[in-house]
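Structural characterization, general
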Amino acid sequence: SGLHAAHELVNPQVKPLHVVQLDVSPHNILVSYDGHVKMVDFGIAYAAERLTQTGHDMLKGKAPYMSPEQTEGKLVDRRSDIFSLGTVLFETVCMRRLFKEDSQAATIKRVSEVDVPNPRSIRSDIPAELERIMLKALSKKPNDRYDTAGEFADDLEAVMAANEKRINPRK
C-alpha cells in the first residue's frame, strides 16, 4: 500500500509524478514493533519530470531485486517496482533467494531470463491463489504484471483473509 501511495504522488498542479522506487528490496522494507510496514529509502527513486530513463551504463538498485527491464537499462515504470516486490514476496514465502548468484553479472543474467520456479514446487503448503499472485507479479513482460501496487495488495489481502490470516495491524 505504501508503494502504491508513492506511485500515485502528484505535483501541486495535480499532475502525476510517476514515481518509481527502483530499490524495492528486503533492506528497504521495515516492520515496526506494532506491525506496520514501511517502505523506505527512496534515494534513487525518480519521478518522470526529473528523469525519463535510467542510463544504459548505470544500474540503480540491488541486482537480485531488479526487474528485467531495469537490468537492461530500459525505461521503467511502477510495474518494475511490482516485479521487485514480487521477488521479495517469493523469497519471504519460499524462504530462499530467487535470483541471487555468485557474481553481479550472473545475477543480472538470471533476472533478465526470469526463470522463476513454481512456488508450490518449493513449498506445497502455499495456497494456489498465492502462487498465482506471485507469478503474476514476477511476469517477464510488464504488461502481464499487476498495473498497480494497489491491485497487488488487494489480491494479497484477499488471500490472507481467505486463509484466516491477520492482514492489518489496526484491525
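Residues numbered from 1 in each chain as written. Predicted model: local features only at pLDDT ≥ 70, side-chain atom pairs only at ≥ 80, totals over all residues. Heavy atoms only, no water.

In this structure, Phe 90, Val 116, Leu 130, Met 134 and Phe 152 are the most contacted members of the largest nonpolar core, which totals 24 residues. Those elements that place two or more of their residues in this core are helix 3 (78-94), helix 6 (128-137) and helix 7 (149-162). It is helix 3 that provides the largest number of residues to this core, a total of 6 residues. Setting aside residues up to four positions removed in sequence, Leu 130 forms contacts with Leu 89, Val 93, Leu 156 and Val 159. (Core = buried A, V, L, I, M, F, W, Y, C linked by side-chain atoms within 4.5 Å. Buried < 20%, exposed > 50% of the residue type's maximum accessible area, 1.4 Å probe, protein only. Helix = DSSP H or I, 4+ residues; strand = E, 2+ residues; numbered from the N terminus. Contact = heavy atoms within 4.5 Å.)

Let us look at the packing of helix 6 against helix 7. Interhelical geometry of helix 6 versus helix 7 gives an angle of 165° and a closest axis separation of 10 Å. As the angle between them shows, helix 6 and helix 7 are arranged roughly antiparallel. For the crossing formed where helix 6 meets helix 7, the hand is left-handed. In this structure, helix 6 contributes Glu 129, Leu 130, Arg 132, Ile 133 and Ala 137 to the contact, and helix 7 contributes Phe 152, Asp 155, Leu 156 and Val 159. Taken together, the residues of the contact of helix 6 with helix 7 sort by class into 6 nonpolar, no polar and 3 charged. (Axes fitted to C-alpha atoms, helices over the stretch in contact; angles between N-to-C directions. Parallel < 35°, antiparallel > 145°, perpendicular 65-115°, else oblique. Left-handed = near helix turned anticlockwise from the far one by under 90°. Nonpolar A, V, L, I, M, F, W, Y, C, P; charged D, E, K, R; others polar.)

Describing an aromatic ring pair means giving the distance of the ring centres and the angle of the ring planes. Across all of its chains, the model carries 2 aromatic pairs by this definition. Centroid distance Phe 83 to Phe 99: 5.9 Å. Interplanar angle 15°. Geometry classified as stacked. Here Phe 99 lies in the loop between helix 3 and helix 4 (104-113) and Phe 83 lies in helix 3, a separation of 16 residues in the sequence. In this pair, the class of Phe 83 matches that of Phe 99, namely buried. Residues Tyr 146 and Phe 152 carry aromatic rings whose centres are separated by 5.1 Å and whose planes lie at 20° to one another, so their mutual orientation is stacked. Under the relative-accessibility criterion, Phe 152 is labelled buried at 1%. (Phe/Tyr/Trp six-rings, centres within 6.5 Å; stacked < 30°, edge-to-face > 60°.)

To continue, consider helix 4. The complete set of buried residues in helix 4 reads Thr 107, Ile 108, Arg 110, Val 111 and Ser 112. Val 114 occupies a position one or two residues after helix 4 and carries a positive phi of about 50°.

The relative placement of two packed helices comes down to the angle between their axes together with the axis-to-axis distance. Relative orientation of the contacting elements helix 3 and helix 6 amounts to 140°, with a least axis distance of 8 Å. Overall, the two elements helix 3 and helix 6 adopt an arrangement that is oblique. As for the relative orientation of helix 3 and helix 6, their crossing is left-handed in sense. Residues Ile 82, Phe 83, Gly 86, Leu 89, Phe 90 and Val 93 of helix 3 form the contact with helix 6, whose own contacting residues are Leu 130, Met 134 and Ala 137. In the contact of helix 3 with helix 6, the residues fall into 8 nonpolar, 1 polar and no charged.

Another point: unusual backbone geometry. The backbone phi angle of Val 14 is positive, close to 65°, even though this residue is not glycine. Mapping Val 14 onto the fold places it in the loop between helix 1 (2-7) and strand 1 (29-31). Taking relative accessible area as the criterion, Val 14 reaches 60% and is therefore assigned exposed. Phi is positive for His 18, which is not a glycine, with a value near 55°. Tracing the chain through its elements places His 18 in the loop between helix 1 and strand 1.

Turning to a negative patch on the surface, a few remarks are in order. Among the surface-exposed residues, Asp 147, Glu 151, Asp 154 and Glu 157 lie close enough to one another that they form a single negatively charged patch. Along the polypeptide, Asp 154 turns up in helix 7. (Patch = residues over 30% accessible without salt bridge, like charges linked within 9 Å, V, L, I, M, F, W, Y side chains within 5 Å. Areas by Shrake-Rupley, 256 points an atom, 1.4 Å probe, with all protein chains shown as cover. Salt bridge = Lys/Arg side-chain N within 4 Å of Asp/Glu carboxyl O. Lys, Arg positive; Asp, Glu negative; His and termini not counted. Charge placed at Lys NZ, Arg CZ, Asp CG, Glu CD.)

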